[in-house]
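Chain by chain, the residues:
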Amino acid sequence: MGNVASHFFAYVSRLRWIKRWGLMRNAIEENVATHSWEVATLAHALAIIRNRHFGGQVNADRIAAAALYHDATEVITGDMPTPIKYHSRVMREAFGDIEHKAEGELLALLPEDLREDFSPYVRESQLPAEDRELIKAADRLSAWLKCRAEIRAGNKEFEPAARQIRQRLDADGLPEVAYFLKVFAPSYEQPLDNLLG
């Protein structure tokens, strides 16, 4: 066990200073740390829903932990807006390479004896495909909920993004997402007094 100082968590904690949706006018600011927490809670919920209602046997706790780190590399790369990141095959490949290198840099900040333990969380590609699928679905769901909140705040700029993301969620056809959209998503549209009953 080493006593060498590690900057890993101090560095990752700076995700709170990285703003999301950089190409859009935001009525409600969102940072990567807040987004990561929401994705973790949504991914955890989707995993439990899959296990309870759709015959799944995924590890909901592992999925939640991995979702907390799903954008950790953005402390190095920043938040790359989706239209830029997915503009072309060349851009996707280049950004994938950058993300892979950022994963290595983050892991190198950990004490050597902890790197293997954190590697599956920081290197998303090491997770089982089913875990990655649920984290991606939670990430999209979080983006759709953000768009809906912006629209409720009068920001019409998010209307096209909300439509595109919802179409993608529907096209993915995950039953646990459909369940969440039916059972939980409508409450996001309610004012606080209604939520408190």
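Right above here is the structure, for reference.
An account of the accompanying structure is given in this report. (Residues numbered from 1 in each chain as written. Predicted model: local features only at pLDDT ≥ 70, side-chain atom pairs only at ≥ 80, totals over all residues. Heavy atoms only, no water.)

Glancing now at helix 3 (residues 60–68). Inspection of helix 3 places A60, I63, A64, A66 and A67 among the buried residues, and these make up the whole buried set. The arc that holds every buried residue of helix 3, seen down its axis, measures 165 degrees, which confines them to one face. If you check the start of helix 3, you find a side-chain oxygen 3.1 Å away from the backbone N of D61, and it comes from N59. (Buried < 20%, exposed > 50% of the residue type's maximum accessible area, 1.4 Å probe, protein only. Helix = DSSP H or I, 4+ residues; strand = E, 2+ residues; numbered from the N terminus. Arc of directions from axis to C-beta. Polar contact = N/O pair within 3.5 Å; in protein donor to acceptor, adjacent residues only side chain to side chain.)

Mapping E150 onto the fold places it in helix 8 (residues 129–152). The exposure class assigned to E150 is buried, which follows from its relative accessible area of 0%. In terms of polar contacts, E150 uses its side chain to reach the backbone amide nitrogen of I28, at 2.9 Å. What E150 contacts, discounting residues up to four positions off in sequence, is R25, N26, A27, I28, N155 and F158. (Contact = heavy atoms within 4.5 Å.)

Here is a general trend for soluble globular proteins: nonpolar side chains tend to be buried in one another's company. Residues I135, L141, W144 and I165 are the most contacted members of the largest nonpolar core, which totals 33 residues. When contributions to this core are tallied by element, the ones reaching two or more residues are helix 2 (32–53), helix 3, helix 8, helix 9 (159–172) and helix 10 (175–183). Among the elements that take part in this core, helix 8 stands out by supplying nine residues, more than any other. With residues up to four places along the chain from it excluded, the contact list for I135 reads V39, A43, I63, A66, A67, H70, E124 and L127. In terms of nonpolar packing, the next biggest core, distinct from the first, is built from 13 residues, L106, L107, L110 and V122 among them. (Core = buried A, V, L, I, M, F, W, Y, C linked by side-chain atoms within 4.5 Å.)

On to the environment of I135. Summarising the element assignment, I135 is placed in helix 8. On the basis of relative accessible area, I135 is assigned to the buried category, the value being 2%. Distance from I135 to E124, taken between C-alpha atoms, is 9.7 Å for residues 11 residues apart in sequence.

This next bit is on the packing of helix 3 against helix 8. Packing of helix 3 against helix 8 brings their axes to within 10 Å, and their N-to-C directions diverge by 55 degrees. Considered as vectors, helix 3 and helix 8 are oriented oblique to each other. In this structure, the crossing between helix 3 and helix 8 has a hand that is right-handed. Together, R62, I63, A66 and A67 of helix 3 and D131, L134 and I135 of helix 8 make up the contact between the two elements. Each residue belonging to the contact of helix 3 with helix 8 can be placed in one class, and the counts come to five nonpolar, no polar and two charged. (Axes fitted to C-alpha atoms, helices over the stretch in contact; angles between N-to-C directions. Parallel < 35°, antiparallel > 145°, perpendicular 65-115°, else oblique. Left-handed = near helix turned anticlockwise from the far one by under 90°. Nonpolar A, V, L, I, M, F, W, Y, C, P; charged D, E, K, R; others polar.)

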